[in-house]
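What follows is each chain in one-letter form.
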Amino acid sequence: MKITGSKLGFLGGGAMAEALIAGIVKQELLPCSQIAASDPNQARLSCLQKKYSVVVLKDNRELVNFSDIIILAVKPFVVDKILSEVKDIFKPGKLLISIAAGLKTAYLEELLDAPVPVVRVMPNTPALIGSGMSAVAAGKYADEIASEKTLAIFKAVGKAVMLAENLLDIVTGLSGSGPAYMYLILEALSDAGVRMGLPRDTATLLSAQTMIGAAGMLIETGEHAAVLKERVTTPGGTTAAGLFALEEAGVRTALMKAVEAATVRSRELSGR
Ligand SMILES: NC(=O)C1=CN([C@@H]2O[C@H](COP(=O)(O)OP(=O)(O)OC[C@H]3O[C@@H](n4cnc5c(N)ncnc54)[C@H](OP(=O)(O)O)[C@@H]3O)[C@@H](O)[C@H]2O)C=CC1
Ligand SMILES: O=C(O)[C@@H]1CCC=N1
(Lines give C-alpha, C1' and ligand atoms only; values in the text may rest on other atoms or scores of the structure.)
(Ligands and ions follow the chains in the order given, each with its own letter.)
Protein backbone atom coordinates (compact mmCIF):
# COMPACT_ATOMS: atom_id res chain seq x y z
CA MET A 1 0.00 0.00 0.00
CA LYS A 2 1.41 3.38 -1.03
CA ILE A 3 0.75 6.47 1.09
CA THR A 4 2.68 8.75 -1.28
CA GLY A 5 0.00 11.43 -1.66
CA SER A 6 -0.94 11.54 2.04
CA LYS A 7 0.03 14.11 4.61
CA LEU A 8 1.15 12.65 7.94
CA GLY A 9 0.80 14.59 11.19
CA PHE A 10 2.02 13.88 14.71
CA LEU A 11 -0.04 15.19 17.64
CA GLY A 12 2.84 15.49 20.12
CA GLY A 13 6.48 15.77 19.08
CA GLY A 14 8.23 13.86 21.87
CA ALA A 15 10.56 10.87 21.99
CA MET A 16 8.43 8.34 20.09
CA ALA A 17 7.24 10.88 17.49
CA GLU A 18 10.87 11.80 16.85
CA ALA A 19 11.89 8.13 16.48
CA LEU A 20 9.14 7.66 13.87
CA ILE A 21 9.83 10.93 12.04
CA ALA A 22 13.57 10.15 11.88
CA GLY A 23 12.89 6.66 10.52
CA ILE A 24 10.26 7.83 8.01
CA VAL A 25 12.45 10.68 6.71
CA LYS A 26 15.50 8.40 6.47
CA GLN A 27 13.55 5.72 4.58
CA GLU A 28 12.06 8.46 2.32
CA LEU A 29 8.51 7.14 2.84
CA LEU A 30 7.22 10.70 2.41
CA PRO A 31 8.82 14.07 1.59
CA CYS A 32 9.46 16.27 4.68
CA SER A 33 6.93 18.81 3.40
CA GLN A 34 4.18 16.16 3.86
CA ILE A 35 5.11 15.45 7.49
CA ALA A 36 4.06 17.74 10.36
CA ALA A 37 4.17 17.78 14.15
CA SER A 38 2.39 19.85 16.78
CA ASP A 39 3.58 20.31 20.35
CA PRO A 40 3.16 23.04 22.98
CA ASN A 41 6.92 23.02 23.54
CA GLN A 42 8.56 25.45 21.06
CA ALA A 43 12.02 24.03 21.76
CA ARG A 44 10.82 20.56 20.68
CA LEU A 45 9.30 21.98 17.50
CA SER A 46 12.48 23.91 16.62
CA CYS A 47 14.53 20.78 17.22
CA LEU A 48 12.31 18.65 14.93
CA GLN A 49 12.32 21.34 12.23
CA LYS A 50 16.10 21.71 12.38
CA LYS A 51 16.88 18.00 12.38
CA TYR A 52 14.27 16.68 9.92
CA SER A 53 12.95 19.76 8.01
CA VAL A 54 9.35 18.75 8.81
CA VAL A 55 6.45 21.21 9.11
CA VAL A 56 5.96 22.29 12.73
CA LEU A 57 2.75 23.72 14.16
CA LYS A 58 1.94 25.10 17.60
CA ASP A 59 -1.76 24.40 17.19
CA ASN A 60 -3.27 20.88 17.24
CA ARG A 61 -6.28 21.96 15.15
CA GLU A 62 -3.95 23.21 12.40
CA LEU A 63 -2.18 19.86 12.57
CA VAL A 64 -5.42 17.91 12.11
CA ASN A 65 -6.48 20.20 9.25
CA PHE A 66 -3.09 19.71 7.57
CA SER A 67 -3.04 15.89 7.84
CA ASP A 68 -4.79 12.92 6.20
CA ILE A 69 -3.20 10.49 8.66
CA ILE A 70 -2.77 11.63 12.27
CA ILE A 71 -0.51 9.81 14.73
CA LEU A 72 -1.54 10.42 18.32
CA ALA A 73 1.85 10.54 20.06
CA VAL A 74 1.16 12.11 23.45
CA LYS A 75 1.15 10.51 26.90
CA PRO A 76 -2.09 8.60 27.56
CA PHE A 77 -3.31 11.09 30.21
CA VAL A 78 -3.31 13.98 27.66
CA VAL A 79 -5.38 12.11 25.05
CA ASP A 80 -8.87 13.10 26.32
CA LYS A 81 -7.94 16.77 26.36
CA ILE A 82 -6.40 16.73 22.87
CA LEU A 83 -9.22 14.82 21.22
CA SER A 84 -11.84 17.09 22.78
CA GLU A 85 -9.92 20.01 21.23
CA VAL A 86 -9.98 18.56 17.70
CA LYS A 87 -12.91 16.11 17.55
CA ASP A 88 -15.20 18.38 15.48
CA ILE A 89 -12.66 18.59 12.63
CA PHE A 90 -11.88 14.86 12.66
CA LYS A 91 -13.87 13.59 9.67
CA PRO A 92 -14.17 9.91 8.59
CA GLY A 93 -11.88 10.65 5.58
CA LYS A 94 -8.99 11.02 8.02
CA LEU A 95 -7.20 8.13 9.71
CA LEU A 96 -6.26 8.27 13.40
CA ILE A 97 -3.37 6.08 14.48
CA SER A 98 -2.84 5.95 18.25
CA ILE A 99 0.45 4.83 19.77
CA ALA A 100 -0.69 5.67 23.32
CA ALA A 101 -0.01 2.78 25.67
CA GLY A 102 -3.09 1.07 27.03
CA LEU A 103 -5.80 3.08 25.28
CA LYS A 104 -8.27 0.90 23.40
CA THR A 105 -9.59 1.80 19.93
CA ALA A 106 -13.17 1.69 21.32
CA TYR A 107 -12.22 4.29 23.93
CA LEU A 108 -10.71 6.60 21.28
CA GLU A 109 -13.69 6.11 18.91
CA GLU A 110 -15.98 7.26 21.73
CA LEU A 111 -14.00 10.48 22.12
CA LEU A 112 -14.60 11.51 18.49
CA ASP A 113 -17.79 12.97 17.02
CA ALA A 114 -17.76 11.02 13.72
CA PRO A 115 -17.10 7.33 12.88
CA VAL A 116 -13.40 7.97 12.19
CA PRO A 117 -11.20 4.96 11.40
CA VAL A 118 -8.91 4.36 14.39
CA VAL A 119 -5.91 2.03 14.36
CA ARG A 120 -3.92 1.27 17.50
CA VAL A 121 -0.19 0.61 17.21
CA MET A 122 2.47 -0.25 19.74
CA PRO A 123 5.84 0.68 18.20
CA ASN A 124 9.24 1.02 19.86
CA THR A 125 12.08 3.56 19.74
CA PRO A 126 14.51 1.63 17.46
CA ALA A 127 12.20 2.87 14.65
CA LEU A 128 14.66 5.77 14.73
CA ILE A 129 17.26 3.59 12.98
CA GLY A 130 14.80 1.57 10.89
CA SER A 131 14.88 -1.35 13.37
CA GLY A 132 11.55 -0.80 15.09
CA MET A 133 9.05 -3.48 16.08
CA SER A 134 5.37 -2.60 15.92
CA ALA A 135 2.09 -4.42 16.41
CA VAL A 136 -1.05 -3.06 14.77
CA ALA A 137 -4.74 -3.56 15.69
CA ALA A 138 -7.69 -2.05 13.82
CA GLY A 139 -10.73 -0.45 15.45
CA LYS A 140 -14.33 -1.04 14.35
CA TYR A 141 -14.43 1.74 11.69
CA ALA A 142 -11.00 0.89 10.20
CA ASP A 143 -11.16 -1.08 6.97
CA GLU A 144 -8.39 -3.07 5.31
CA ILE A 145 -7.06 0.04 3.55
CA ALA A 146 -6.63 1.80 6.91
CA SER A 147 -4.72 -1.21 8.27
CA GLU A 148 -2.58 -1.43 5.12
CA LYS A 149 -1.70 2.28 5.27
CA THR A 150 -0.72 1.88 8.91
CA LEU A 151 1.39 -1.18 8.16
CA ALA A 152 3.10 0.73 5.33
CA ILE A 153 4.15 3.47 7.77
CA PHE A 154 5.44 1.15 10.47
CA LYS A 155 7.08 -1.32 8.05
CA ALA A 156 9.08 1.62 6.68
CA VAL A 157 10.76 1.93 10.09
CA GLY A 158 11.20 -1.74 10.98
CA LYS A 159 9.00 -4.80 11.27
CA ALA A 160 5.24 -4.63 11.82
CA VAL A 161 2.59 -7.29 12.42
CA MET A 162 -1.23 -7.26 12.68
CA LEU A 163 -2.54 -8.64 15.97
CA ALA A 164 -5.84 -8.93 17.83
CA GLU A 165 -6.27 -5.85 20.00
CA ASN A 166 -6.51 -7.85 23.23
CA LEU A 167 -2.83 -8.79 22.77
CA LEU A 168 -1.52 -5.22 22.49
CA ASP A 169 -0.98 -4.75 26.23
CA ILE A 170 1.36 -7.75 26.17
CA VAL A 171 3.16 -6.27 23.15
CA THR A 172 3.57 -3.07 25.18
CA GLY A 173 5.10 -5.08 28.03
CA LEU A 174 7.47 -6.94 25.70
CA SER A 175 8.62 -4.94 22.66
CA GLY A 176 7.17 -1.50 23.51
CA SER A 177 9.03 -1.24 26.81
CA GLY A 178 11.62 -3.83 25.73
CA PRO A 179 14.35 -1.46 24.47
CA ALA A 180 14.66 -0.18 28.06
CA TYR A 181 15.18 -3.74 29.33
CA MET A 182 17.85 -4.27 26.68
CA TYR A 183 19.62 -1.04 27.63
CA LEU A 184 19.59 -2.09 31.27
CA ILE A 185 21.17 -5.42 30.30
CA LEU A 186 23.70 -3.68 28.02
CA GLU A 187 24.63 -1.22 30.75
CA ALA A 188 25.10 -4.07 33.22
CA LEU A 189 27.22 -6.08 30.74
CA SER A 190 29.36 -3.04 30.01
CA ASP A 191 29.81 -2.44 33.77
CA ALA A 192 30.70 -6.10 34.14
CA GLY A 193 33.40 -5.82 31.47
CA VAL A 194 34.80 -2.70 33.13
CA ARG A 195 34.71 -4.43 36.51
CA MET A 196 36.83 -7.24 35.09
CA GLY A 197 39.32 -4.76 33.55
CA LEU A 198 38.16 -3.83 30.03
CA PRO A 199 38.15 -0.17 28.90
CA ARG A 200 34.58 1.27 28.93
CA ASP A 201 34.25 1.85 25.18
CA THR A 202 35.48 -1.66 24.39
CA ALA A 203 33.14 -3.20 26.98
CA THR A 204 30.16 -1.30 25.55
CA LEU A 205 30.99 -2.25 21.95
CA LEU A 206 31.45 -5.90 22.87
CA SER A 207 28.12 -5.96 24.72
CA ALA A 208 26.09 -4.18 22.02
CA GLN A 209 27.55 -6.06 19.07
CA THR A 210 26.98 -9.35 20.91
CA MET A 211 23.30 -8.44 21.44
CA ILE A 212 22.88 -7.44 17.77
CA GLY A 213 24.64 -10.61 16.59
CA ALA A 214 22.67 -12.96 18.83
CA ALA A 215 19.31 -11.36 17.92
CA GLY A 216 20.15 -11.28 14.20
CA MET A 217 21.16 -14.93 14.26
CA LEU A 218 17.91 -15.92 15.97
CA ILE A 219 15.84 -14.15 13.31
CA GLU A 220 17.94 -15.27 10.32
CA THR A 221 18.25 -18.94 11.26
CA GLY A 222 14.74 -19.30 12.70
CA GLU A 223 16.22 -21.64 15.32
CA HIS A 224 14.88 -21.79 18.88
CA ALA A 225 16.97 -19.72 21.31
CA ALA A 226 17.69 -22.85 23.36
CA VAL A 227 19.36 -24.51 20.34
CA LEU A 228 21.57 -21.48 19.66
CA LYS A 229 22.43 -21.24 23.37
CA GLU A 230 23.43 -24.90 23.37
CA ARG A 231 25.87 -24.25 20.47
CA VAL A 232 27.76 -21.68 22.55
CA THR A 233 27.94 -23.89 25.61
CA THR A 234 30.92 -26.26 25.89
CA PRO A 235 30.43 -28.94 28.56
CA GLY A 236 32.44 -27.88 31.59
CA GLY A 237 33.38 -24.64 29.80
CA THR A 238 33.09 -20.90 30.38
CA THR A 239 29.53 -20.38 29.10
CA ALA A 240 28.08 -23.08 31.36
CA ALA A 241 29.70 -21.32 34.31
CA GLY A 242 28.24 -17.96 33.20
CA LEU A 243 24.77 -19.37 32.54
CA PHE A 244 24.71 -21.05 35.97
CA ALA A 245 25.41 -17.66 37.59
CA LEU A 246 22.52 -16.09 35.59
CA GLU A 247 20.10 -18.88 36.54
CA GLU A 248 21.14 -18.68 40.19
CA ALA A 249 20.43 -14.92 40.15
CA GLY A 250 16.95 -15.56 38.70
CA VAL A 251 17.47 -13.53 35.50
CA ARG A 252 14.91 -15.60 33.59
CA THR A 253 12.23 -15.01 36.26
CA ALA A 254 13.18 -11.34 36.54
CA LEU A 255 12.55 -10.83 32.79
CA MET A 256 9.22 -12.67 33.00
CA LYS A 257 8.21 -10.45 35.92
CA ALA A 258 9.24 -7.33 33.98
CA VAL A 259 7.00 -8.21 31.02
CA GLU A 260 4.15 -9.14 33.38
CA ALA A 261 4.44 -5.87 35.35
CA ALA A 262 4.52 -3.75 32.18
CA THR A 263 1.56 -5.65 30.67
CA VAL A 264 -0.46 -5.15 33.86
CA ARG A 265 0.43 -1.46 33.86
CA SER A 266 -0.72 -1.11 30.23
CA ARG A 267 -4.02 -2.78 31.17
CA GLU A 268 -4.40 -0.38 34.10
CA LEU A 269 -3.98 2.59 31.74
CA SER A 270 -6.87 1.30 29.60
CA GLY A 271 -9.11 0.94 32.65
CA ARG A 272 -9.09 4.65 33.47
N1 LIG B 1 8.75 6.24 24.35
C2 LIG B 1 8.50 4.99 23.94
O3 LIG B 1 9.40 4.13 23.92
C4 LIG B 1 7.14 4.61 23.49
C5 LIG B 1 6.04 5.42 23.72
N6 LIG B 1 4.80 5.04 23.30
C7 LIG B 1 3.65 5.91 23.53
O8 LIG B 1 3.88 7.10 22.79
C9 LIG B 1 3.25 8.19 23.44
C10 LIG B 1 4.27 9.31 23.57
O11 LIG B 1 5.32 8.85 24.38
P12 LIG B 1 6.73 9.60 24.39
O13 LIG B 1 7.06 10.06 23.02
O14 LIG B 1 7.65 8.71 25.11
O15 LIG B 1 6.36 10.85 25.32
P16 LIG B 1 6.99 12.31 25.30
O17 LIG B 1 6.62 12.95 26.60
O18 LIG B 1 8.44 12.25 24.92
O19 LIG B 1 6.20 13.04 24.11
C20 LIG B 1 4.93 13.56 24.22
C21 LIG B 1 4.97 14.96 23.66
O22 LIG B 1 3.64 15.47 23.62
C23 LIG B 1 3.69 16.82 24.04
N24 LIG B 1 2.39 17.29 24.50
C25 LIG B 1 1.92 17.44 25.78
N26 LIG B 1 0.69 17.99 25.77
C27 LIG B 1 0.38 18.20 24.46
C28 LIG B 1 -0.75 18.75 23.82
N29 LIG B 1 -1.80 19.18 24.50
N30 LIG B 1 -0.73 18.83 22.47
C31 LIG B 1 0.32 18.38 21.74
N32 LIG B 1 1.42 17.84 22.32
C33 LIG B 1 1.45 17.75 23.65
C34 LIG B 1 4.72 16.78 25.15
O35 LIG B 1 5.15 18.08 25.48
P36 LIG B 1 5.65 18.33 27.02
O37 LIG B 1 6.84 17.46 27.22
O38 LIG B 1 5.96 19.81 27.00
O39 LIG B 1 4.50 17.95 27.90
C40 LIG B 1 5.80 15.92 24.51
O41 LIG B 1 6.68 16.68 23.71
C42 LIG B 1 2.74 7.70 24.79
O43 LIG B 1 1.35 7.55 24.74
C44 LIG B 1 3.43 6.35 24.97
O45 LIG B 1 2.61 5.44 25.66
C46 LIG B 1 4.59 3.88 22.61
C47 LIG B 1 5.64 3.06 22.35
C48 LIG B 1 6.99 3.30 22.80
O1 LIG C 1 6.73 3.50 29.30
C2 LIG C 1 5.71 3.68 28.63
O3 LIG C 1 4.59 3.82 29.18
C4 LIG C 1 5.79 3.74 27.13
C5 LIG C 1 4.96 2.67 26.48
C6 LIG C 1 5.92 1.68 25.92
C7 LIG C 1 7.22 2.32 26.07
N8 LIG C 1 7.13 3.46 26.69
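Counting of residues starts from 1 at the beginning of each chain's written sequence and follows it residue by residue. In the order they appear in the text, chains get letters beginning with A and ligands get numbers beginning with 1. pLDDT decides what is reported in this predicted model: residues at 70 or higher carry local features, side-chain atom pairs at 80 or more are listed and counted, and totals for whole chains, interfaces and linings draw on all residues regardless.

### Considering the nonpolar core
One nonpolar core equals one set of buried Ala, Val, Leu, Ile, Met, Phe, Trp, Tyr and Cys residues connected by C-beta atoms within 7 Å. Note on burial: count the other C-beta atoms lying within 10 Å of the residue's C-beta; 20 or more is buried, 12 or fewer is exposed, in between is partly exposed, and C-beta positions come from the backbone. If you look at the biggest cluster of nonpolar residues, it comprises 58 residues, and the most contacted ones within it are L72 and I97. Looking at this core, the element that brings in the most residues is helix α1 (residues 15-26), giving 6 residues. Here a strand is any run of E in DSSP of at least two residues, a helix any run of H or I of at least four, and the numbering for each starts at the N terminus.

### Overview of the site of ligand 2
In the neighbourhood of ligand 2, the contacting residues comprise A101, T172, G176 and S177. Amino acid classes used here: Ala, Val, Leu, Ile, Met, Phe, Trp, Tyr, Cys and Pro are nonpolar; Asp, Glu, Lys and Arg are charged; the rest, including Gly, are polar. Among the residues making up the shell around ligand 2, the classes are represented as 1 nonpolar, 3 polar and no charged. A residue counts as near a molecule or strand when its C-beta atom, positioned from the backbone, falls within 6 Å of it.

### Section: the UniProt feature "binding site: NADPH" (unreviewed entry) in the protein chain
UniProt positions are given in the numbering used here, feature names are shortened, and annotations may be inferred rather than shown by experiment. Per the UniProt record, "binding site: NADPH" (unreviewed entry) is found at N60. Its location among the elements puts N60 in helix α3 (residues 60-66). According to the C-beta neighbour criterion, N60 is buried, with 22 such atoms within 10 Å.

### Some words on the sheet that holds strand β7 (residues 132-138)
Pairing in this open sheet of 8 strands is mixed, and the strands run β3-β2-β1-β4-β5-β6-β7-β8 from one edge to the other. Each edge of the open sheet carries a strand with a single partner, namely β3 (55-57) and β8 (158-162). Mean inter-strand twist for the sheet, computed between neighbouring axes without regard to direction, equals 25°. Bridge count for strand β6 (residues 118-122) against β7 is 4 bridges, and the pairing is antiparallel. What sits directly across from V119, in β7, is A138. Should DSSP find at least two bridges between two strands, the strands are regarded as paired. Axis definition: a line fitted to C-alpha atoms, limited for helices to the stretch in contact. Angles are taken between N-to-C directions and run from 0 to 180 degrees.

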